[in-house]
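# Chain and residue survey
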Amino acid sequence: MIYVSDVEVYLADKLVLEYKQQYDWHESFYIPEITTRLWDDKTGVDVTYAEETVTVHDTITYRKLMPRTRYKVESRLVDMETGETLLDVNGSPVVRETIKNVTLADGEITVDFEFPAVIRDDKGDIVKSLAGTIFVCYEKIYIEQGEEGSGKWVLVADHEDFWDESQRIYMPYIDTTALDQKTEEHISYAEKDMKIYDTVHYEAVRPEYTYKLVSELRDTATGEIVVDNAGKKQVITTYFKADFDLQDNQYLTYGDVIPENHEGSGMTFDVDAEIFAGRTLVVYERMYLENGYGAGSILWRSIRSFWTRTRPSMCRRCGRVRLTATHSRRRRLQTAPRRL
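Calculation rules
- Residues numbered from 1 in each chain as written.
- Predicted model: local features only at pLDDT ≥ 70, side-chain atom pairs only at ≥ 80, totals over all residues.
- Heavy atoms only, no water.
- Core = buried A, V, L, I, M, F, W, Y, C linked by side-chain atoms within 4.5 Å.
- Buried < 20%, exposed > 50% of the residue type's maximum accessible area, 1.4 Å probe, protein only.
- Helix = DSSP H or I, 4+ residues; strand = E, 2+ residues; numbered from the N terminus.
- Contact = heavy atoms within 4.5 Å.
- Pairing = 2+ DSSP bridges.
- Salt bridge = Lys/Arg side-chain N within 4 Å of Asp/Glu carboxyl O.
- Axes fitted to C-alpha atoms, helices over the stretch in contact; angles between N-to-C directions.

## Description of the nonpolar core
- Counting 32 residues, the largest nonpolar core has Val56, Leu77, Phe113, Phe115, Phe135 and Met171 as the members making the most contacts within it.
- Taken together, the elements giving at least two residues each to this core come down to β5 (33-40), β6 (54-63), β7 (69-79), β9 (107-115), β12 (133-144) and β14 (168-171).
- Ignoring any residue separated from it by four or fewer positions in sequence, one finds Phe113 in contact with Val54, Thr55, Val56, Asp58, Ser75, Arg76, Leu77, Val94, Val95, Arg96 and Cys137.
- Counting residues in hydrophobic clusters, the runner-up holds 27 residues, among them Ala242, Ala273, Val283 and Leu289.

## Focus on the pairing of strand β17 (residues 194-203)
- Burial analysis of β17 places eight of its 10 residues in the buried class, which makes it a mostly covered element.
- The pairing of β17 with strand β20 (residues 254-257) spans four bridges and is antiparallel. If you follow His201 over to β20, its bridge partner there is Asp256.

## Some points on the pattern of salt bridges
- Under the counting rule described, the total for this entry stands at 15 salt bridges.
- Across the salt bridge formed by Glu191 and Lys182, the nearest N and O atoms sit 3.1 Å from each other.
- Since its relative accessible area comes to 56%, Lys182 is described here as exposed.
- Taking the shortest distance from any N to any O, the salt bridge between Asp219 and Arg279 comes out at 2.8 Å. A residue pair is termed long-range when its members are at least 10 positions apart, and Asp219 in strand β18 (residues 210-219) and Arg279 in the loop between β21 (267-271) and β22 (280-291) qualify at 60 residues.

## Some details on unusual backbone geometry
- In this structure, Glu184 takes a positive phi of about 55° despite not being glycine.
- When you line up the elements, Glu184 lands in the loop between β15 (173-180) and β16 (187-189).
- Glu184 sits in the exposed class, given a relative accessible area of 58%.
- Unlike most non-glycine residues, Ala204 shows phi in positive territory, near 55°.
- In this structure Ala204 comes out as buried when scored by relative accessible area, which is 0%.

## Remarks on the sheet that holds β5
- One open sheet holds the three strands; their spatial order is β5-β6-β9, and the pairing between them is antiparallel. Strands at the two margins of the open sheet, each flanked by one partner only, are β5 and β9. Averaged over all neighbouring strand pairs, the angle between strand axes comes to 20°, with direction disregarded.
- Bridge count between β5 and β6: eight bridges; the pairing is antiparallel. Its bridge partner being in β6, Trp39 is matched across the sheet by His57.

Take it as geometry only, folks, not as evidence of what the structure does.
Right under this line is the structure:
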């Protein structure tokens with residue numbers, strides 16, 4: 001808001017002088033107000049992908065800043081789980097400082113954040129990631145006192161609302177569990193009608209949006225997508241929506257995309273695998289965001305690919321090698337030798 005000082009002079013209860021100039025800059029003083037919107041550079045919305053370089057923008061809309069004045073904007077991303085300033089994968093706080101000369105009382109300032117969200121080893125495997133994080137942006141605006149370059153700053157506006165959804169960005173995480181239909185383990189019998197059920201668990205997924213899961217069954221020896229004996233390429237596309245009714249003071253979203261056999265809308269690989277004995281298979285998952293913004297256009301953006309490594313163990317009943325899950329990035333499914 002802008003306030004103006006009016007002056008009235010009285011003599012013996014009689015008005016003798018007044019000064020009321022609504023637009024006199026010397027009599028006006030400003031009380032600024034700011035609102036913000038945080039959005040990802042690639043998706044254009046409040047969902048981002050955990051990759052080597054993440055770029056998000058904080059658009060600050062301000063009203064009633066004093067024109068022709070220099071301001072400093074301090075912005076920082078805050079991890080909603082800890083309430084502390086977000087640290088990138090290198091341990092550096094994600095903060096920005098912007099100096100802006102404002103010419104109009106009302107307008108916008110955009111602050112750009114660029115930070116690493118993934119570290120990979122020499123083989124390209126992820127060793128550290130911020131996937132699964134939900135963060136919010138805090139801002140403070142200061143006016144410079146005295147001459148330009150004085151370095152004296154006084155706070156005039158801030159916006160630090162932990163629950164403001166327009167300040168929030170989701171960085172989803174997914175992992176997957178692949179099991180054989182019959183053994184309910186990470187081991188299958190090489191037969192004509194081999195079924196593999198793949199359950200995808202997700203976290204930090206923005207509610208209300210529609211997502212696409214692309215599931216690929218690959219051979220670990222070649223890295224290629226499996227083509228079964230019938231010539232069928234083992235790729236499944238599944239759409240889902242994270243339907244959450246978030247209550248007050250609630251922000252965390254998580255859930256599972258469950259295979260069809262478990263009364264869900266999920267992934268079931270139906271494989272003609274009679275000659276697959278001795279092979280080890282792995283399921284790759286990629287999740288994309290369907291973004292219908294614009295003139296009917298659809299933007300697809302990879303949100304997260306994550307798989308879980310496994311280690312071999314011995315089946316006590318049959319003596320065959322099977323695979324059990326450990327905490328890394330690939331879940332394999334090994335086919336047992338086919339009986340003749």
